[in-house]
Amino acid sequence: MGKNILIVHGDKGGIGKSTYAGLAIDYLIQLGEGDVIVIEGDKKIDDVSRRYQEVTGVTGMLVDLARPDFSEEAILGLFEEIERVGGNHIVINLPASGSSTIDAQAEIIMPTVRSLGYEVYVAWLVGADEDSVTLAGESALCREADRKIAVLNEKEGNPEKFPWYQSRGRKEWLESGGLEGVLPCLTERVAIKARAIPGRYSDLERSPELFIVERSSVFRWVRKAWETAVAPLYESEGANE
């Protein structure tokens, strides 16, 4: 696996971006792929970097990307940090409305990424509304990514009933080489506990703070999420031209 930057996108809050970013970090650690840099794009909601701050092999950074009025300045700061710290695997957790900052600067981002020797992966979190379809089609990073996956979050409902599922946008996404995956839903009572326990999601399988049956639930959820939503992106050989 070569050097890559995963941008966890979706342009809305509460759609599962932080959960997906955490699962991707866990997956890379599980593969033994070396250190992972996680960049938190919203300094007010730095839940991913806080979760992994004591995890060996993960380095967290805060770069304010919730700045549509100063998008170029924000992107310059972001890539100065990336060039300074290096790393083979970088996960960027975008804030809500991240398109206003990051997609607006795609003409700077893409050649910079190429010059640094990275491929761009995008995970677009799909919600149960029309906006997810429209915004995915408008995202410059989605269009230009080397690999991309649309991730339908079961927490939002039955994915087959999402507007995305029957949309022309989905058809265009798949025809352009985009992948599609499903983020399974973790039972809410377990999810609440899991969010409060720092560290890797996969380590929760042994957490004394969970009942044994809850650990079993987390084990199944993590493995299924890796299989259906994360692994297809990292293992895919097809790249968008």
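Here the structure is a predicted model, which means the values were calculated and not measured.

Section: the packing of helix H3 (residues 71–85) against helix H4 (residues 106–115)
Step number 1: Running from N to C, H3 and H4 cross one another at 15°; their axes reach a closest spacing of 10 Å. With respect to their mutual orientation, H3 and H4 come out roughly parallel. For the pair H3 and H4, the sense of crossing is right-handed. Facing H3, whose interface residues are Glu72, Ile75 and Phe79, H4 presents Ile108, Ile109, Thr112 and Val113.

Examining the pairing of strand S2 (residues 36–40)
Step number 1: Counting buried positions along S2 yields five of five residues, so the element is predominantly enclosed.
Step number 2: Residues of S2 alternate between two faces, with Val36, Val38 and Glu40 on one and Ile37 and Ile39 on the opposite face, all of them buried.
Step number 3: Note that S2 and strand S3 (residues 58–62) share five bridges and pair parallel. Each residue of the ladder has a partner; that of Val38, found in S3, is Gly60.
Step number 4: Pairing of S2 with strand S4 (residues 89–93), which is carried by five bridges, proceeds in the parallel orientation. Note that in S4 the partner of Val38 across the bridge is Val91.

Describing the sheet that holds strand S5 (residues 119–126)
Step number 1: Spatially, S3-S2-S4-S1-S5-S6-S7 is the arrangement adopted by the seven strands of the open sheet, whose pairing is parallel. For this open sheet the edge positions go to S3 and strand S7 (179–183), each flanked by a neighbour on one side alone. The average undirected angle you get between the axes of adjacent strands in this sheet is 20°.
Step number 2: The strands that helix H1 (residues 17–30) touches are strand S1 (4–9), S2, S3, S4, S5, strand S6 (147–153) and S7; relative to S4, the one it contacts most, it runs at about 170°.

Thoughts on H1
Step number 1: Under the 1.5 Å per step criterion, the end-to-end length of H1 is 20 Å for 14 residues, consistent within 8% with the ideal 20 Å.
Step number 2: With 10 of its 14 residues buried, H1 lies for the most part within the structure.
Step number 3: Looking only at H1, the buried set comprises Lys17, Tyr20, Ala21, Gly22, Leu23, Ala24, Ile25, Asp26, Tyr27 and Leu28.
Step number 4: One or two residues past the end of H1 sits Gly32, with phi positive at roughly 70°.

A few points about the packing of H1 against helix H9 (residues 212–235)
Step number 1: Direction vectors running N to C along H1 and H9 enclose 80°, while the axes themselves pass 10 Å from each other. The angle between the axes of H1 and H9 places the two elements in the roughly perpendicular class. In contact with Thr19, Tyr20, Leu23, Ala24, Asp26, Tyr27, Leu28 and Gln30 of H1, H9 contributes Trp221, Val222, Ala225, Trp226, Ala229, Val230, Ala231, Leu233, Tyr234 and Glu235.
Step number 2: Classifying every residue of the contact of H1 with H9 by side-chain character gives 14 nonpolar, two polar and two charged.

The rules behind each value
- Residues numbered from 1 in each chain as written.
- Predicted model: local features only at pLDDT ≥ 70, side-chain atom pairs only at ≥ 80, totals over all residues.
- Heavy atoms only, no water.
- Axes fitted to C-alpha atoms, helices over the stretch in contact; angles between N-to-C directions.
- Helix = DSSP H or I, 4+ residues; strand = E, 2+ residues; numbered from the N terminus.
- Parallel < 35°, antiparallel > 145°, perpendicular 65-115°, else oblique.
- Left-handed = near helix turned anticlockwise from the far one by under 90°.
- Contact = heavy atoms within 4.5 Å.
- Buried < 20%, exposed > 50% of the residue type's maximum accessible area, 1.4 Å probe, protein only.
- Pairing = 2+ DSSP bridges.
- Expected span 1.5 Å × (residues − 1).
- Nonpolar A, V, L, I, M, F, W, Y, C, P; charged D, E, K, R; others polar.

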